[in-house]
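Breakdown of the fold
Read off the chains here:
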Amino acid sequence: PFAISVFFTHQIFSNIKKGDFKNINYLLAKNQKFSHLTYNLYQIVRPTYLFFSIAIFPDNTVDALVKTHKVFEKGYESYLNVKEIEKLFLKKNKNDEEKKYLSLRIKKLKEAINSLQDNLNSINQKIPLGIPFFKEEKNLLIIANDSLIKLEKLLDYHDKIFGKNKLSKYLVFFANNRELRPGGGFLGSFGILEIKNYTLENIKIYDVYDADGQLKVHIEPPEPIRKYLKIPHWFLRDSNFSPDFFENYQQAKFFLEKEMNLKDFDGAILLTTSAVEKILDAIGTIYLPDFNENINRDNFYLKTQLYSEKNFFPGSIQKKNFLSSLTRQIIINADQISPISLFRAIKKSLDEKQMVVYFENESLQKFFDSWHWSGRLINPLCQNFTTNCLPDYLFFYDANVGINKANYYINRMATLKIRIDKDGDVFNNLTIQYKNDSPSEVFPGGIYRNYLQILLPKNAVLKTITKDGVLINQFDEDSGFDFLKKIGFFFEVPPKKIVLIKIDYQLPYKIKSGKQIYQLIVQKQIGSFNNDLILEFTLPSNISLINKNFIPLVNGENIIYNTNLDTDKIFFLELNKN
């Protein structure tokens, strides 16, 4: 019975991973029968196991099996609940009874999530470490539990998000990260999402030129836009020129009020092309009858470009119609979409900063800030440490000013070497390798014309900047941030070429005698593709490493760590200086 129950458990687990719920009821019924039989038979022999003090492992195994079945039952119940919530959310003109019913469904979902978390935590503790067969399952349990924690907290704010007794209006930006900008990508389109009384009332898509064509006043652009894009005026389409989404949102609101008298928003969402592709991967193929096209993850970008670039002229509505049609069909096919796959795609996009959000409601925004889902700059000051702490910070971000989609072909790899000398001075060397795999200079690829900006600690002392070993003397330096210094400069990467950028600088702090924490924050640019990141720490003989929050390769005095900059990273080293 135990073996058969394990078999059905694996079948259910596989089906849930694939988002296939057709046979779940049948599999749950079978699994319940054999898991209960396993439990009852085990109770007969358990006293003997206890007598010989060997009951711990079988106790944990049987208990994990029974609790896994409870997780599947509660999970399936939650799945059906979410489908009902989705159906009610999309239904317009709901009566009071239906609104109360939807609110009750959300409450029940929250209770189910609480139960799921308890059981998942218990199962994770009982599954033994070091067994390869369970390695994937343990990792998925950790990921699932993390998702449930965030979903449960998010449900606490459902009244605010879903516009209870009011109209909530959200800006939705579509940023093409193949043409990367500091705030995620070129803003080719935007939408306005309206939700009222737990109902999706409307979503309207605009081409950015709908708005920019109505700007009647001159707005002075940031200098890199004027100098390298050769544009004397500032428009909404280039407004996301800050690495902080909040600043870009404020700038976009300014433009939209000036251009179209649109205002009074409750927040904003930015989706990059990569985020839309992730979501389409979860949804599957969508047929657009208006265009006689089947759209999926693999062809979305090419089709969007086709309807954006083909016979384009200012005022053209073909891209807007294409995106509107796609949005409409997704809503129509909502009942066929797996909520688990969709939630997983959205969470991954948020985690990887391919999707960022901002809410005007302060308490709701604090929740998103706490998970680093709002695309904000992180204050590098050390927090929550009882010992001395030295803060270090790095944020490098690109602005494609070549009016092409070359980022599709760009591979970046960053190496940060941190050398601490015997006096405790900290010297950093940052190397960023850019490789342009564009086949030629023909659009959409071509020369990568990049205005690179780097944020460092406020009083960091810049030593040198080089490109392929040649000194760069012309660069912009700005200390306008409260706690950061910004360096910016322009360079090009021709097709099929590699360019190495190197920056040497010294931190304005020292490692002091005794114990001290070295904290390094490395932020990822919104919309950037996941880059390789190599960290290399070199310590002198009078400074020893006590602890760290990552697992590096230690080679003598060098500590090397290879990772992926798929999200913002925080590293800690606990050091002791004699």
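Reference entry: report on the structure contained in this document. (Residues numbered from 1 in each chain as written. Predicted model: local features only at pLDDT ≥ 70, side-chain atom pairs only at ≥ 80, totals over all residues. Heavy atoms only, no water.)

What follows deals with the overall build of the protein chain. Check the secondary structure of the protein chain and you find 14 helices and 22 strands. Its C-alpha atoms give the protein chain a radius of gyration of 27 Å, near enough to 25 Å, the size a compact globule of 578 residues would have. The C-alpha extent of the protein chain, read off along each of the three principal axes, is 80 × 70 × 45 Å. Burial analysis of the protein chain (578 residues in total) assigns 52% to the buried set. Taking the intrachain contacts of the protein chain between residues at least 6 apart in sequence as the baseline, contacts between residues at least 24 apart amount to 71%. Per element, the accessible surface of the protein chain, about 27,500 Å² overall, is 54% carbon and sulfur. (Helix = DSSP H or I, 4+ residues; strand = E, 2+ residues; numbered from the N terminus. Rg over C-alpha atoms; globule rule 2.2 N^0.38 Å. Buried < 20%, exposed > 50% of the residue type's maximum accessible area, 1.4 Å probe, protein only. Contact = heavy atoms within 4.5 Å. Areas by Shrake-Rupley, 256 points an atom, 1.4 Å probe, with all protein chains shown as cover.)

Once that is clear, we can look at unusual backbone geometry. Here the bond from Phe 443 into Pro 444 is cis, since omega is 15 degrees, no more than 30 degrees from zero. Note that Pro 444 resides in the loop between β10 (425–436) and β11 (448–457). Even without being a glycine, Tyr 198 presents a positive backbone phi close to 60 degrees. You can see Tyr 198 is positioned in the loop between β2 (186–196) and β3 (200–207).

This paragraph deals with a nonpolar patch on the surface. A cluster of nonpolar side chains, namely Leu 37, Leu 41, Ile 44, Val 45, Tyr 49, Phe 51, Phe 52 and Ile 54, defines an oily patch on the protein surface of about 820 Å² accessible area. Tracing the backbone through its elements, the reader meets Leu 41 in helix α2 (residues 24–51). The class for Leu 41 is partly exposed, based on a relative accessible area of 43%. (Patch = residues over 30% accessible without salt bridge, like charges linked within 9 Å, V, L, I, M, F, W, Y side chains within 5 Å. Salt bridge = Lys/Arg side-chain N within 4 Å of Asp/Glu carboxyl O.)

As a further point, take the state of the cysteines. Under the defined criterion, the tally for this structure stands at 1 disulfide. The disulfide partner of Cys 382 is Cys 389, and the gap between their sulfur atoms is 1.8 Å. An S-S torsion of about -60 degrees defines the bridge between Cys 382 and Cys 389 as left-handed. Relative accessible area serves as the criterion here: at 25%, Cys 382 is assigned to the partly exposed category. (Disulfide = S-S within 2.5 Å.)

Moving on, we get to the sheet that holds β2. Hydrogen bonds between backbone groups are what pair the strands of a sheet, and the pairing can be parallel or antiparallel. Ordered in space as β3-β2-β1-β4-β7, the 5 strands form an open sheet in which the pairing is mixed. Each edge of the sheet is formed by a strand with only one pairing partner; in this case those strands are β3 and β7 (355–359). Pairs of neighbouring strands in the sheet enclose a mean axial angle of 15 degrees, with direction left out of account. Bridge count between strand β1 (residues 167–176) and strand β4 (residues 267–272): 6 bridges; the pairing is parallel. In the strand pairing of β4, Leu 171 is matched with Ala 268. (Pairing = 2+ DSSP bridges. Axes fitted to C-alpha atoms, helices over the stretch in contact; angles between N-to-C directions.)

Turning to helix α1 (residues 2–18), a few remarks are in order. Every α-helix carries 3.6 residues per turn, so stepping three or four residues along brings you back to the same face. Compared with the 24 Å implied by 1.5 Å per residue over 17 residues, the 24 Å span of α1 between its first and last C-alpha is a close match. Of all the residues in α1, the buried ones are Ser 5, Phe 8, Thr 9, Ile 12 and Asn 15. In a view along the axis of α1, the buried residues occupy a sector of 130 degrees, so they form one face of it. Exposed residues on α1 whose side chains face more than 90 degrees from its buried face are Ala 3 and Lys 18. Summarising the contacts, the buried residues of α1 are in contact with α2 and α3 (56–90). In the segment just after α1, Gly 19 is the residue with positive phi, at about 75 degrees. (Expected span 1.5 Å × (residues − 1). Arc of directions from axis to C-beta.)

Attention now goes to the nonpolar core. One finds Tyr 434, Leu 452, Phe 489, Tyr 505 and Tyr 518 to be the most contacted residues of the largest nonpolar core, which totals 46 residues. Judged by nonpolar contacts, the second largest core, of 34 residues, contains Tyr 170, Phe 174, Ile 205 and Ile 269. (Core = buried A, V, L, I, M, F, W, Y, C linked by side-chain atoms within 4.5 Å.)

In this approach, a probe sized like a water molecule rolls over the atoms, and the result shows the empty space that is left. Enumeration according to the criterion identifies 2 cavities of 30 Å³ or more in this entry. Taken as a whole, the largest cavity encloses approximately 70 Å³ of empty space. Taken together, Leu 180, Asp 398, Asn 407, Ile 410, Asn 411, Arg 412, Ser 528, Phe 529 and Asn 531 make up the full set of residues lining the largest cavity. For the lining of the largest cavity, the element with the highest residue contribution is strand β9 (residues 410–420), accounting for 3 residues. For the lining of the largest cavity, the per-class residue count stands at 3 nonpolar, 4 polar and 2 charged. The element contributing the most residues to the lining of the second largest cavity is helix α9 (residues 245–260), with 4 residues. Residue classes in the lining of the second largest cavity are distributed as 6 nonpolar, 3 polar and no charged. (1 Å grid on protein atoms, 1.4 Å probe; cavity = no way out; pocket = protein on both sides within 12 Å on 5 of 7 lines; lining within 4 Å. Points joined across faces, edges and corners; volume = space filled by probe spheres on them. Nonpolar A, V, L, I, M, F, W, Y, C, P; charged D, E, K, R; others polar.)

Moving on to the environment of Gly 445. In this structure, Gly 445 sits in the loop between β10 and β11. Exposure remark for Gly 445: the relative accessible area of 4% places this residue in the buried category. With 36 residues separating them in the primary sequence, Gly 445 and Tyr 409 have C-alpha atoms 7.0 Å apart.

Attention now moves to helix α12 (residues 318–332). Between its first and last C-alpha, α12 extends 21 Å over 15 residues, near the 21 Å set by a 1.5 Å rise per residue. Taken together, the buried positions of α12 are occupied by Lys 319, Lys 320, Phe 322, Leu 323, Ser 324, Ser 325, Leu 326, Thr 327 and Gln 329.

For the structure on display, the rule yields 36 salt bridges. Of the charged contacts in the structure, one is a salt bridge between Asp 63 and Lys 67, with a shortest N-O distance of 3.3 Å. Residue Asp 63 and its partner Lys 67 are located together in helix α3, separated by 4 residues, close to a single helical turn. Residue Asp 63 is classed as partly exposed on the basis of its relative accessible area of 23%. Notably, a salt bridge pairs Lys 366 with Glu 362, separated by 3.8 Å at the nearest N-O pair. Of this pair, Lys 366 and Glu 362 are both found in helix α14 (residues 362–370), 4 residues apart, which corresponds to roughly one turn of the helix.

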